[in-house]
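Report on the structure
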Amino acid sequence: MTRTIDLGLLFSTTGPYKLMGRASRAGALKAIAQVNADPTLDLAFSAVERDPGGDIDAYAPFCEEILKSSAARHVIGCTTSWSRKEVIPSLERMGGVLWYPTPYEGFEASDRVVYAHACPNQHLLPLLDHCFAAYGKQVYLTGSNYIWGWEMNRIARELSARTGGDVLGERYVPIGSTDIARLVDEIEALKPDFVLNQLIGPSQYAFLDAMAALRARDPAFAGRRCPVLSCNMTEAELPVIGASAEGVISAGPWFRGLSPALPGNGGREDFGSSFEAAAHASVMMLAQLLAGTPDAESLSLPELLALPGSEAVGISARTHHLTLPVAIAQVRDGVFVPLRTYAPIEGDPYLTQTHTIQVRPMIKAVT
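These notes cover the structure that comes with them. (Residues numbered from 1 in each chain as written. Predicted model: local features only at pLDDT ≥ 70, side-chain atom pairs only at ≥ 80, totals over all residues. Heavy atoms only, no water.)

A short note on the side chain of serine 160
Rules: For the purposes of this entry, the term helix denotes a DSSP run of H or I that reaches at least four residues, the term strand denotes a run of E that reaches at least two, and both are numbered from the N terminus. We call two residues in contact whenever any of their non-hydrogen atoms come within 4.5 Å of each other.
Relative to the assigned elements, serine 160 resides in helix α5 (residues 147–162). When sequence neighbours within four positions are dropped, the list of residues in contact with serine 160 reads Phe132, Lys137, Val139, Gly165, Asp166 and Val167.

Okay, here's the thing in structure tokens:
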């Protein structure tokens with residue numbers, strides 16, 4: 001007999017980072033439809049949705065509203081680390097679990113969160129290793145003024161110092177701000193080897209437009225000199241950014257044209273971005289954990305991950321992170337072209353391990 005399980009969706013499909021929220025929501029809905037059409041499963045999901053609109057003060061109330069107004073105990077959602085941290089206290093009070101399908105800065109392992117996208121040893125470290133070797137070690141750091149930018153750039157500073165590099169400058173702008181002229185003027189004056197960009201939404205779009213203008217007027221930045229790096233740019237935003245995205249180098253677990261997609265996707269590769277793929281994988285992994293165990297949706301996350309066979313889902317019972325493939329790709333002619341791919345890397349949120357990254361052969365690349 002099929003049981004219907006309420007499932008929360010908490011994505012900002014409006015507001016400053018709406019494109020990322022829409023991509024993640026699309027992946028979650030695609031997986032819900034797939035689960036509900038699968039006759040081998042004894043469950044179906046019913047989506048309970050809220051849209052915080054990018055308003056940080058709305059996330060916790062909307063998360064609590066989902067948990068109070070329905071039987072949902074699991075929520076797929078949040079796009080920024082700020083919003084994730086806002087909802088964790090609500091989850092703790094009300095017995096909920098968040099499945100977080102976007103990249104983050106590490107240094108967290110909550111019993112209320114499954115981290116379904118990449119952490120720094122799966123995006124930032126491989127990206128910096130690649131770019132230190134390819135471009136040099138004179139770095140400029142920028143980001144939106146919240147925890148993602150702060151922590152990612154802190155790690156970058158420490159790694160740069162250990163490898164003999166030099167951080168030439170570091171600036172932040174408020175989320176949504178497009179006032180980036182001073183930032184770009186400083187980059188023009190300092191001429192770093194590359195820029196590590198942790199901006200999001202309109203701030204990032206304005207910055208890339210300004211960098212494209214800089215390349216057009218200053219030969220020192222022409223062509224592929226001083227590339228802009230990102231750990232959160234995916235195909236979801238390329239149509240809006242347009243030609244200004246050309247040359248951006250990004251790291252993540254998947255880009256279109258690579259095979260396979262993420263653990264939990266069940267072999268599917270028809271996703272627009274890794275945000276969509278990770279949200280899809282979150283729903284599919286949850287369905288696998290709940291299937292065949294009546295009332296499993298009432299179990300805590302540690303209890304779920306202790307069920308027989310749960311290790312096959314691929315979530316670490318210790319850190320609640322995934323082992324993910326890693327790819328570095330560059331925007332060329334409007335699409336991400338993979339430059340390097342790596343063997344899957346276990347999520348290590350506190351960077352406690354000595355990381356040896358193994359390059360693997362390219363399987364299928366965008367051309």
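There's plenty left to go through after this.
Some words on the pattern of salt bridges
Rules: Here a salt bridge means any side-chain nitrogen of Lys or Arg lying within 4 Å of a carboxyl oxygen belonging to Asp or Glu. Per-residue accessibility, obtained with a 1.4 Å probe over protein chains only, is compared with the maximum for each type, and a residue is labelled buried under 20%, exposed over 50%, and partly exposed between these values.
Here the structure, examined in full by the defined rule, presents 17 salt bridges. Arginine 25 is paired through a salt bridge with glutamate 49; the nearest N and O atoms lie 2.6 Å apart. You can see arginine 25 sitting in helix α1 (residues 18–36) and its partner glutamate 49 sitting in strand β2 (residues 43–50), a full 24 residues away along the chain. Glutamate 49 gets classed as partly exposed once you look at its relative accessible area, which sits at 32%. Across the pair glutamate 108 and lysine 85 runs a salt bridge whose closest N-O atoms are separated by 2.6 Å. Of this pair, glutamate 108 sits in the loop between β4 (97–100) and β5 (113–115) while lysine 85 sits in helix α3 (residues 81–94), and the two are 23 residues apart along the sequence. Salt bridges here are not isolated pairs; linked through shared partners, they connect Lys30, Arg268, Asp270 and Glu276.

Concerning the packing of helix α2 (residues 56–69) against α3
Spelled out, the test is: To define axes, lines are fitted to C-alpha atoms, for helices over the stretch in contact only, and angles between the resulting N-to-C directions are given on a 0 to 180 degree scale. Oblique is the label for any angle not covered by the other classes, which are roughly parallel (under 35 degrees), roughly antiparallel (over 145) and roughly perpendicular (65 to 115). Each crossing is labelled by how the near helix is turned from the far one, with a counterclockwise turn of less than a right angle marking it left-handed and a clockwise turn marking it right-handed. Under this grouping Gly is polar, as are all residues other than the nonpolar Ala, Val, Leu, Ile, Met, Phe, Trp, Tyr, Cys and Pro and the charged Asp, Glu, Lys and Arg.
In contact at an axis separation of 8 Å, α2 and α3 are set at 30° when each is read in the N-to-C sense. Our classification of the angle between α2 and α3 gives roughly parallel. For the crossing formed where α2 meets α3, the hand is right-handed. For the pair formed by α2 and α3, the contact residues are Ile56, Tyr59, Ala60, Cys63, Glu64, Leu67 and Lys68 on the first element and Trp82, Ser83, Glu86, Val87, Ser90, Leu91, Arg93 and Met94 on the second. Split into classes, the residues belonging to the contact of α2 with α3 amount to nine nonpolar, two polar and four charged.

So, the sheet that holds β2
Put simply, the rule is: Two strands pair under a simple rule: DSSP has to find at least two bridges between them.
Sheet architecture is open: five strands sit in the order β2-β1-β3-β4-β5, paired in parallel fashion. Since the sheet does not close on itself, it has two edges, and those belong to β2 and β5, each with one partner. Across the sheet, the mean angle separating the axes of adjacent strands is 25° when strand polarity is ignored. Summarising the sheet, strand β1 (residues 3–10) and strand β3 (residues 74–77) pair through three bridges and their orientation is parallel. The residue bridging leucine 10 from the neighbouring strand is glycine 77, located in β3. Along the sheet, α1 makes contact with β1, β2 and β3, crossing β2 at roughly 155°. Across the sheet, helix α9 (residues 274–290) is in contact with β1, β2, β3 and β4; its angle to β2 comes to roughly 135°.

Here we look at the pairing of β4
Put simply, the rule is: If the strands point away from the viewer and the path from the first strand over the helix to the second runs clockwise, then the crossover is right-handed.
A two-sided burial pattern is seen for β4, the buried positions comprising Val97 and Trp99 on one face and Leu98 and Tyr100 on the other. Here β3 runs beside β4; their pairing, made up of three bridges, is parallel. Note on β4: the bridge partner recorded for histidine 74 is valine 97. Handedness of the crossover joining β3 and β4 through α3: right-handed. Two strands pair when backbone bridges link them, and β4 and β5 are joined in this way by three bridges, in the parallel orientation. Across the sheet, tyrosine 100 pairs through a bridge with tyrosine 115, a residue of β5.

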